[in-house]
Amino acid sequence: ETRKNYYPVAFRVSKLFFVVADLCNIEPMYQYSLEWYQRIYITAIEEAEKSQIITERVHNLIEMFTELLYDNVCRSLYVKDKLLFSLLMLIKILQGDDLLDNSELRFLMTGSTWTSTTLSNPTGIENAWLSDKEWAGICELGTLPTFKNFELEFMEQVSKWKELWLSIEPMDEEWPGD
């Protein structure tokens, strides 16, 4: 019975193993042994905060292992690959926790595949600041669960989106809908 309580730890640890194992596809030098991985796991067990409440202990083990793994792997990565490793870990964690929609992940990785749409481009035909392909991408984005009907909200606030689109530093601007 006690063993079942630690299933979430084993699940996270096994998921992240494959992230580390696949790093050799990015750079052949990135190869890690199972023994090395097990040492990180044992260290996490030793260093994670103890608790009499099993759910807290499980949470502490997961957090400690994830942090130790990240720190240890990042020490051996080229700077250019650290952000990619972070993304790969995040994706695997979100998939494991069933918090990532596969259609949204596909859209993130490949971008829009639509080239046209039945909705006309709200930025006009002449001097349009948004191409028809880009508008089709916004419409496709609106079909994803998290962004449901985004294209309709975009159309309602098209002038605000234009300001953001033309901004030199869009991250410093107020975003429509915020």
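Further up the page is the structure itself.
As a starting point, this report considers the structure included with it. Quantities reported herein were computed from a predicted structural model and do not represent experimental measurements. (Residues numbered from 1 in each chain as written. Predicted model: local features only at pLDDT ≥ 70, side-chain atom pairs only at ≥ 80, totals over all residues. Heavy atoms only, no water.)

## Some remarks on the nonpolar core
One recurring pattern in soluble globular proteins is that nonpolar side chains are buried together. Of all hydrophobic cores here, the largest spans 25 residues; its most connected members are Leu16, Tyr37, Phe65, Leu69, Val73 and Phe85. Secondary structure elements with two or more residues in this core: helix H2 (7–21), helix H3 (34–47), helix H4 (54–76) and helix H5 (79–96). Tallying contributions element by element places H4 first for this core, with nine residues. Setting aside chain neighbours within four positions, we find leucine 69 in contact with Leu16, Val20, Trp36, Tyr37 and Ile40. Formed by 12 residues, the second largest nonpolar core is a distinct cluster that contains Trp135, Leu141, Leu144 and Phe154. (Core = buried A, V, L, I, M, F, W, Y, C linked by side-chain atoms within 4.5 Å. Buried < 20%, exposed > 50% of the residue type's maximum accessible area, 1.4 Å probe, protein only. Helix = DSSP H or I, 4+ residues; strand = E, 2+ residues; numbered from the N terminus. Contact = heavy atoms within 4.5 Å.)

## Comments concerning the state of the cysteines
Taken as a whole and judged by the stated rule, the model has zero disulfides. The thiol of cysteine 24 is unpaired, and the distance to the nearest cysteine sulfur, on cysteine 74, comes to 17 Å. (Disulfide = S-S within 2.5 Å.)

## Notes on the environment of leucine 130
The residue leucine 130 is located in the loop between helix H6 (102–110) and helix H7 (132–141) in this model. Leucine 130 gets classed as buried once you look at its relative accessible area, which sits at 1%. Those residues in contact with leucine 130, other than ones at most four positions away along the chain, are Asn121, Thr123, Trp135, Ile138, Phe154 and Trp165.

## Re unusual backbone geometry
Trans is the common state for peptide bonds, and a negative phi is the common state for residues other than glycine. A positive phi is found at aspartate 98, a non-glycine position, where the angle reads about 55 degrees. Looking at where aspartate 98 falls in the secondary structure, it is placed in the loop between H5 and H6. Judged by its relative accessible area of 67%, aspartate 98 is exposed. The phi torsion at asparagine 149 lies on the positive side, around 60 degrees, for a residue other than glycine. When you line up the elements, asparagine 149 lands in the loop between H7 and helix H8 (150–156).

## Some points on the environment of threonine 110
Looking at the element boundaries, threonine 110 is found in helix H6. With 97 residues separating them in the primary sequence, threonine 110 and valine 13 have C-alpha atoms 28 Å apart. Looking at threonine 110, its side chain comes within polar contact range of the main-chain oxygen of arginine 106, at 2.8 Å. (Polar contact = N/O pair within 3.5 Å; in protein donor to acceptor, adjacent residues only side chain to side chain.)

## Brief notes about the packing of aromatic side chains
Scanning all chains against the criterion turns up 15 aromatic pairs. Centre to centre, the rings of phenylalanine 17 and tyrosine 37 are 5.0 Å apart; their planes meet at 80 degrees, and the pair counts as edge-to-face. Here phenylalanine 17, found in helix H2, pairs with tyrosine 37, found in helix H3; they are 20 residues apart in sequence, far enough to count as distant. Owing to a relative accessible area of 24%, phenylalanine 17 belongs among the partly exposed residues under this scheme. (Phe/Tyr/Trp six-rings, centres within 6.5 Å; stacked < 30°, edge-to-face > 60°.)

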